[in-house]
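Commentary on secondary and tertiary structure
The lines below spell out each chain.
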Amino acid sequence: MGPKGWSILKLLMFQGLFLSHSQEDFDFFYLVLQWPGAYCDTKRSCCYPTSGKPAADFGIHGLWPNYNDGSYPSNCDPDSEFDKSQITDLVSSLKKTWPTLACPSNEGFKFWKHEWEKHGTCSQSVMDQHDYFENSLKLRDRANLLQALTKSGIKPDDKFYDLEKIRNAIKDAIGFTPGIECNKDPERNDQLHQIYICVDTSGTEFIECPILPRGRCPSKLQFAKF
């Protein structure tokens, strides 16, 4: 092979390497579940969806592709727009367990559209739009966080609980260490807000987190009523 052939081969190899590290590559997912009581108990407040007040249970925030260094891809495919016709059979479940709490009050499609376009489009190498939402619903049900916490005597009653006990109750239930994120209520109390559980690249199995989110919580935090 002459010099020209080698240069073409190198170029093709470079393009292949470049493509293999495109935005659609990722190392794991964060399944992010939020406690509605903490979302609503801030200065920002919240609005219940048009279907009414959601259940007092952890709702889905999203399923987010992530890299092992803590960074993440986003908005990977502007051409892949959210299409509600692809998730018709999931809408009733999404309203229950992936409820919107943003104002003004709405059905939830705006929230789901945002999550698909920002995060879901970066996972298209392994799942389409329907799978993205269906897998999220299944993972959330399997985690069953509220049951895991209440079994350990940790209840949404405005009392304060040890961060370590919350973490261990979830780890005992799912087998892996979760990430825990807090926010503050208007009185500046730290409260349990979001739980991060790591999922493999197939979007179906829980795994140990390669890296935990940076959100810090004090050693004691409030589990807000809802």
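Just above, that's the structure.
This report concerns the structure included in the present document. (Residues numbered from 1 in each chain as written. Predicted model: local features only at pLDDT ≥ 70, side-chain atom pairs only at ≥ 80, totals over all residues. Heavy atoms only, no water.)

For the structure shown, the criterion picks out one cavity of 30 Å³ or more. Considered as a void within the structure, the largest cavity measures approximately 30 Å³ in volume. Residue lining of the largest cavity: Q34, P36, G59, I60, P99 and L101, and that is the complete set. Classifying every residue of the lining of the largest cavity by side-chain character gives four nonpolar, two polar and no charged. (1 Å grid on protein atoms, 1.4 Å probe; cavity = no way out; pocket = protein on both sides within 12 Å on 5 of 7 lines; lining within 4 Å. Points joined across faces, edges and corners; volume = space filled by probe spheres on them. Nonpolar A, V, L, I, M, F, W, Y, C, P; charged D, E, K, R; others polar.)

Where empty space is left in the structure can be found by rolling a water-sized probe over the atoms. Reported here for the largest pocket is a volume of approximately 370 Å³. Along the walls of the largest pocket sit 18 residues, with W64, N66, Y72, H119 and Y196 positioned nearest its centre. In terms of residue count, helix 4 (residues 109-118) provides more of the lining of the largest pocket than any other element does, four residues in total. A breakdown of the residues in the lining of the largest pocket according to their chemical character gives eight nonpolar, six polar and four charged. The volume enclosed by the second largest pocket comes to roughly 190 Å³. Y39, T100, A102, N106 and F111 are the residues nearest the centre of the second largest pocket, which is lined by 13 residues in total. If one sorts the elements of the lining of the second largest pocket by residue count, helix 4 sits on top with three residues. Tallied by class, the residues present in the lining of the second largest pocket amount to seven nonpolar, five polar and one charged. (Helix = DSSP H or I, 4+ residues; strand = E, 2+ residues; numbered from the N terminus.)

In the segment running from C103 into P104, the intervening peptide bond is cis, with an omega of -5°. Examined against the element boundaries, P104 turns out to sit in the loop between helix 3 (91-97) and helix 4. A positive phi angle is found at N75, which is not glycine, with a value near 45°. Mapped onto the fold, N75 is located in the loop between strand 2 (59-66) and helix 3.

Tallied over the entire structure, the rule returns 15 aromatic pairs. Each ring, one from F58 and one from F223, has its centre 6.2 Å from the other, and the planes form 35°; the classification is tilted. You can see F58 sitting in the loop between helix 2 (36-40) and strand 2 and its partner F223 sitting in the segment after strand 6 (220-222), a full 165 residues away along the chain. The class of F58 is buried, set by a relative accessible area of 2%. Residue F223 is classed as buried on the basis of its relative accessible area of 0%. When the ring of F82 is compared with that of F133, the centres are 6.0 Å apart and the planes differ by 70°; the resulting orientation is edge-to-face. A residue pair is termed long-range when its members are at least 10 positions apart, and F82 in the loop between strand 2 and helix 3 and F133 in helix 5 (residues 129-143) qualify at 51 residues. Note on F133: relative accessible area 0%, which makes it buried. Three or more aromatic residues joined by ring pairs form one cluster here, namely F82, W98, F111, W116, Y132 and F133. (Phe/Tyr/Trp six-rings, centres within 6.5 Å; stacked < 30°, edge-to-face > 60°. Buried < 20%, exposed > 50% of the residue type's maximum accessible area, 1.4 Å probe, protein only.)

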